[in-house]
Amino acid sequence: MSSLTVTRATLWKDLRMEWRSKDAINSMLFFSLLVVVIFSFAFNPTAEESRLIAGGLIWVAFLFAAVVALNQTWARELRNQVLDAYRVSPAPPNALFLAKALGNFLFVVILEALMAPLFVVFYQLRSVGPAWQLVVVALLGTWALVVNGTFFAAMSIRTRSREIMLPLILFPISIPALLAMVDSTTGILTGEFSPDFWIKMLLVYDVIFTAVCLLLFESVLNAE
Amino acid sequence: MKPLSILFIVFTLALLGFSTYQALVVAPTEQTMGDVQRIFYYHVPSAWVAGLCFFVNFLASVAYLVKRGSNVDALAAASAEVGVVFCTIVLITGPIWARPVWGIWWTWDARLTTTLVLWLIYVSYLILRRFASGSQTQVLSAVLAIFGFVDVPIVYMSIRWFRTQHPSPVMGGGENSGLDPVMLHAFFWNLLAFTCVGIILVAARYHLQKMENQVESAHAQLALQGGAR
């Protein structure tokens, strides 16, 4: 079986399961909606202020929401020993990892697309800089969170405190990516500085950590 | 304990006494900062030992993934723990110095923030070691160690950029700009002494970890025999 076939089959299966149950997307949506509402109570910003803090709010909300979906990634593969079956099959481990990462990427991107209008309405956001750059930041930043998140979810599922472990190991490693996402978003919204460095930095982060994940996933899958 | 290690411990204690004398008595008092500058002789060597420990942790983790020996895993665990201890010392002595000199305990400057993030990463490594179960611990923690080590230069680069963009208000010149030769002398004695202390701590922790592994496998063996009977 080629990698591409395995990736496509696993991704298609996950998307179909998600389409039928809508577990991940619903819980993420509701969770980030709650964060939006609670933050706006906590800060009660004017249009000018919200431009300065929105970068932080948006990405913290999406980060927390993404953890909800990431934690579910591997849980369903543990039932009926699917993961063990996968390990003894000749299918390449990285194909499975890429399918899971791509699936999570799609879920989080859909979440962001649905939530973005709400942020604009609730925080009266209007971008001073070129708004299309936000799309680039969102895509690169989401991949940065999701590729490491999917990997660490596979690790945390093997520990005693499954759900608690993921944020504890994911957040410290993600600090540079989060910083890049928050600051470039602030740069674009306020129009005061260029986000170019941060976008390049996210790209570098994505390339490095995708490589590290692909290099090490087999060890994690086969950890005894 | 082997006579050689006892000799090394005695040597380190003597060295520590000498370097403390150098730092507190021989080295001249700094003109503008006063005696509080002397914390520098402990702060920087601690940072050096922490960095060294994290590097050893990285090498041991890679070695574990390649060769799968439980001894290199014990070394990785020992060096990470000692590294976190020294990193904590850095994070505590730093603000003690910064308060009288800068007027504030903490600033989100590149080096400070990177050290804090480094500390966070390796604390999460220790938490993972605690929560993972059985022999999976070794693989999972080795993998996380590699992620952490790869992350550190990226953290430093990004925070440096972040801070040059929004200049911080209180960062003076570096403390290394034109150090008095006597101060430099005292500094290097402390660097040597602290490195020896670090080596002793890692070695002791390493042996402890090996013993723990032996006890654990003996328990497992016993349980297996009990189950067979």
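Above this note sits the structure.
Rules used in this analysis
- Residues numbered from 1 in each chain as written.
- Chains lettered and ligands numbered in written order.
- Predicted model: local features only at pLDDT ≥ 70, side-chain atom pairs only at ≥ 80, totals over all residues.
- Helix = DSSP H or I, 4+ residues; strand = E, 2+ residues; numbered from the N terminus.
- Rg over C-alpha atoms; globule rule 2.2 N^0.38 Å.
- Contact = placed C-beta atoms within 7 Å.
- Expected span 1.5 Å × (residues − 1).
- Core = buried A, V, L, I, M, F, W, Y, C linked by C-beta atoms within 7 Å.
- Buried ≥ 20, exposed ≤ 12 C-beta atoms within 10 Å, placed from the backbone.
- Nonpolar A, V, L, I, M, F, W, Y, C, P; charged D, E, K, R; others polar.

**Looking at the overall build of chain A**
In terms of helices and strands, chain A carries nine helices and zero strands. N-terminal to C-terminal, the α/β element order of chain A is α-α-α-α-α-α-α-α-α. Its C-alpha atoms give chain A a radius of gyration of 18 Å, near enough to 17 Å, the size a compact globule of 224 residues would have. Overall size of chain A, expressed as C-alpha extent along the three principal axes, is 55 × 35 × 30 Å. When contacts within chain A are restricted to residue pairs at least 6 apart in sequence, long-range pairs at least 24 apart make up 86% of them.

**Some thoughts on helix H2 (residues 40–67) of chain B**
Along its 28 residues, H2(B) runs 40 Å from first to last C-alpha, staying within 8% of the 40 Å computed at 1.5 Å per residue. The first or second residue beyond H2(B) is B:Arg68, which carries a positive phi of 60°.

**Observations regarding the nonpolar core**
Core analysis: the largest hydrophobic core is formed by 122 residues, its most contacted members being A:Ala66, A:Ala144, A:Ile169, A:Leu202, B:Ala76 and B:Val143. Looking at this core, the element that brings in the most residues is helix H7 (residues 132–156) of chain A, giving 14 residues. Those residues in contact with A:Ala144, other than ones at most four positions away along the chain, are A:Ala177, A:Leu202, A:Tyr205, A:Asp206 and A:Phe209.

**Digging into the interface of chain B and chain A**
For interface size, the figure often reported is the accessible area lost on association. Facing the 27 residues of chain B at the interface are 26 residues of chain A. Elements that contribute at least two residues to the side of chain B that touches chain A include exactly helix H4 (110–131) and helix H5 (136–165) of chain B. Classifying every residue of the side of chain B that touches chain A gives 19 nonpolar, seven polar and one charged.

**Quick word on the environment of A:Ala223**
The topology assignment puts A:Ala223 in the segment after helix H9 (196–221). On a C-alpha basis, the gap between A:Ala223 and A:Ala69 in space is 23 Å, while along the polypeptide they are 154 residues apart. Residues contacting A:Ala223, with those up to four places away along its chain left out, are A:Arg158, B:Gln136, B:Val139 and B:Leu140.

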